[in-house]
2 protein chains.
Amino acid sequence: MGAHVESLQDRGEATRQRLIDAALAVFGEFGFDGASTRMLADQAGANLAAIPYHFGSKEGLYRAAAQYIVERITDQTNAMLEEIEHALLNALPRAKALGFLHKYTDTMVAIMLGSKEADSWAAFIMKEQLQPGAAFEILYNGMMRRIHEAGAGLVAVLLKQPQIDNRIRLRAIAIFGQILIFRTSRHSVLRQLGWKEFSRDRLELIQSIIRENVDLVATGSA
Amino acid sequence: MGAHVESLQDRGEATRQRLIDAALAVFGEFGFDGASTRMLADQAGANLAAIPYHFGSKEGLYRAAAQYIVERITDQTNAMLEEIEHALLNALPRAKALGFLHKYTDTMVAIMLGSKEADSWAAFIMKEQLQPGAAFEILYNGMMRRIHEAGAGLVAVLLKQPQIDNRIRLRAIAIFGQILIFRTSRHSVLRQLGWKEFSRDRLELIQSIIRENVDLVATGSA
DNA sequence: GTCTATAGTCGGATAGAC
DNA sequence: GTCTATCCGACTATAGAC
């Protein structure tokens, strides 16, 4: 491969990545139907025809954006999840499970509310949940299932249950719900609290409330 | 007014109502942008031009649907909310507040997951939360604020706080999140649980889990 | 790989007959 | 109040020049 061919490939790869970045922002804000290929191309500084060229279709770009989200969230959670998954294989003291669960909820709050770029990801995921489409399987199999199973495993230890059953799963889901509402009902929640945004200290306040509620689940079964 | 004129008015009123029913179903499923006026008119068995005639525009119909949701949910919650609001004006024993909160969470679960028609309402509301538009103010001022304040008032009593502050609000929001996740993440949750739907007994199981978590908040501050 | 130009479809709103 | 017919704008995808 000569330098000329390589530079063409690089250009293509750069356009591809700009389109994915644009897809996260635009699909996140307007949803699949609400986003137009013109918006996507403009935001990426690319040509309209670059979308079908690189991704086959608008839907192909949508799927690629979902895959990108899975990869980035895996980057941010993989170390913690591996630690939890490994710990769950052996007899795990309840105190340690509680510590893991605190770390788990703190991380989820931080990912979902902490960064500006998370706004796009979160909106993308939530819209896909509400109206499951081409990307749901990518998101669910790529990260949601694993994140849920790790949480449920920790809850099982806290409740002294040897196996994860649906009662355990429901408790894990309830814990997750306490975090998720700050995303799904962001506008209502901010208004109720008289806040304009989730600043860093407010985020820590939310994390501490969730941790306290996790503690209650633990003490409730002590 | 003669009989002839009245029958014309009735016909118009019936078309109007059919359009609102269709709007709940179609906007709920596809969102504002995803729904076309042709879908709406077909579903209602009405003519395309009936939408601008009766509601001024597609957006007018959207707002009317939001107002209709507020009215129907108020029908289902007003008695309970008035009872709670009245009780909160006087010194309320914690045991009684706990009972009210159980009734409150049970009612919310039932409204959000219990009826087939709630599927449309819930989807409509969730989509509006994600991308606040013309109907957000109608929904928030018409019912959300009041529902939240009632919950927060009860939590304040449970935590022996004389005033509702943001720490109290956050706890009330967390409780609500435990319910809401079964809506916002319906597909993921069902899949995690290996369920196809929220049947009546599963709904009662969810209600019992939420009640237990509410109890923990109460005992945690005992 | 990227561009312009365009084909083909579907969107919401309106005019005017009934 | 309801209907048909139609306008005009916006959409996605493609063809073909560079």
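One structure accompanies this document, and this report is about it. (Residues numbered from 1 in each chain as written. Chains lettered and ligands numbered in written order. Predicted model: local features only at pLDDT ≥ 70, side-chain atom pairs only at ≥ 80, totals over all residues. Heavy atoms only, no water.)

A closer look at the interface of chain A and chain B
Listed per partner, the contact involves 48 residues of chain A and 48 residues of chain B. Across the chain A to chain B interface the summed buried area is about 4600 Å²; carbon plus sulfur atoms make up 61%. Considering only the surface of chain A that becomes buried against chain B, Leu130(A), Leu170(A) and Gln192(A) emerge as the three largest contributors, covering 15% of it. At the boundary of chain A with chain B, the tally comes to six salt bridges. In this structure, the salt-bridge partner of Glu212(B) is Arg171(A), at a minimum N-O distance of 2.1 Å. Looking at the side of chain A that touches chain B element by element, the count peaks at 14 residues for helix α8 (residues 166–184) of chain A. Among the residues making up the side of chain A that touches chain B, the classes are represented as 23 nonpolar, 16 polar and nine charged. (Contact = heavy atoms within 4.5 Å. Buried area = accessible area lost by both parts, 1.4 Å probe. Salt bridge = Lys/Arg side-chain N within 4 Å of Asp/Glu carboxyl O. Helix = DSSP H or I, 4+ residues; strand = E, 2+ residues; numbered from the N terminus. Nonpolar A, V, L, I, M, F, W, Y, C, P; charged D, E, K, R; others polar.)

Some words on the layout of surface pockets
Considering only enclosed or pocket space, the largest pocket measures out at about 600 Å³ in volume. When residues of the lining of the largest pocket are traced back to their parent elements, those giving at least two are α1 (3–34), α4 (58–89) and α6 (116–130) of chain A together with α1 (3–34), α4 (58–89) and α6 (116–130) of chain B. Split into classes, the residues belonging to the lining of the largest pocket amount to 12 nonpolar, eight polar and eight charged. (1 Å grid on protein atoms, 1.4 Å probe; cavity = no way out; pocket = protein on both sides within 12 Å on 5 of 7 lines; lining within 4 Å. Points joined across faces, edges and corners; volume = space filled by probe spheres on them.)

A closer look at the protein's contact with DNA strand C
Near DNA strand C lie 17 residues; those nearest to it are Arg11(A), Thr15(A), Asn47(A), Tyr53(A) and Thr37(B). Between DNA strand C and Thr37(B) there is a distance of 2.5 Å, counted from a phosphate oxygen to a backbone nitrogen or oxygen. Between a base nitrogen of DNA strand C and a side-chain N or O atom of Arg38(B), the distance comes to 2.8 Å. When contributions to the surface near DNA strand C are tallied by element, the ones reaching two or more residues are α1 and α3 (50–55) of chain A together with α2 (37–44) of chain B. Considering each element in turn, the surface near DNA strand C owes the most residues, four residues, to α1(A). For the surface near DNA strand C, the residue count by class is seven nonpolar, seven polar and three charged. (Near = heavy atom within 4 Å. Polar contact = N/O pair within 3.5 Å; in protein donor to acceptor, adjacent residues only side chain to side chain.)

Considering the packing of aromatic side chains
Overall, the coordinates contain 16 aromatic pairs over all chains when judged by the stated rule. With 5.0 Å between their ring centres and 70° between their planes, Phe32(A) and Tyr62(A) make a pair best called edge-to-face. With Phe32(A) in helix α1 and Tyr62(A) in helix α4, this residue pair connects regions lying 30 residues apart in the sequence. Taking relative accessible area as the criterion, Tyr62(A) reaches 6% and is therefore assigned buried. Relative to Tyr62(B), the ring of Phe27(B) has its centre 4.9 Å away and its plane inclined at 85°; by these criteria the two rings are edge-to-face. In this pair, Phe27(B) sits in helix α1 while Tyr62(B) sits in helix α4, placing the two residues 35 residues apart along the sequence. Each member of the pair, Phe27(B) together with Tyr62(B), is buried. Taken together, Phe27(A), Phe32(A), Tyr62(A) and Phe124(A) form an aromatic cluster joined through their ring pairs. One residue, Arg191(B), lies across the ring of Tyr140(A), its end atom 4.8 Å from the ring centre. (Phe/Tyr/Trp six-rings, centres within 6.5 Å; stacked < 30°, edge-to-face > 60°. Buried < 20%, exposed > 50% of the residue type's maximum accessible area, 1.4 Å probe, protein only. Lys NZ or Arg CZ within 6 Å of the ring centre and 35° of its normal.)

Re the relation of the copies chain A and chain B
Superposing chain A onto chain B requires a rotation of 180° together with a translation of 0.0 Å along the rotation axis, leaving an RMSD of 0.0 Å. In the structure described here, the two chain copies are related by an operation that fits a two-fold rotation axis. Taking the C-alpha atom as reference, chain A places Gly177(A) closest to the rotation axis, 2.4 Å from it. Interface overlap between copies is the fraction of interface residues in one copy that are interface residues in the other; for chain A against chain B it reaches 100%, indicating a shared surface. (Least-squares fit on C-alpha atoms with pLDDT ≥ 70 in both.)

Some words on the packing of helix α7 (residues 136–158) of chain B against helix α8 (residues 166–184) of chain B
All names here are of chain B. At a minimum axis separation of 8 Å, α7 and α8 run at an interaxial angle of 115°. Accordingly, the angle class assigned to the pair α7 and α8 is roughly perpendicular. As α7 packs across α8, the resulting crossing turns out to be right-handed. Where α7 abuts α8, its residues Ile147, His148, Glu149, Gly151, Ala152, Val155 and Ala156 lie against Ile168, Arg169, Arg171, Ala172, Ile173, Ile175 and Phe176. Residues belonging to the contact of α7 with α8 are distributed by class as follows: nine nonpolar, two polar and three charged. (Axes fitted to C-alpha atoms, helices over the stretch in contact; angles between N-to-C directions. Parallel < 35°, antiparallel > 145°, perpendicular 65-115°, else oblique. Left-handed = near helix turned anticlockwise from the far one by under 90°.)

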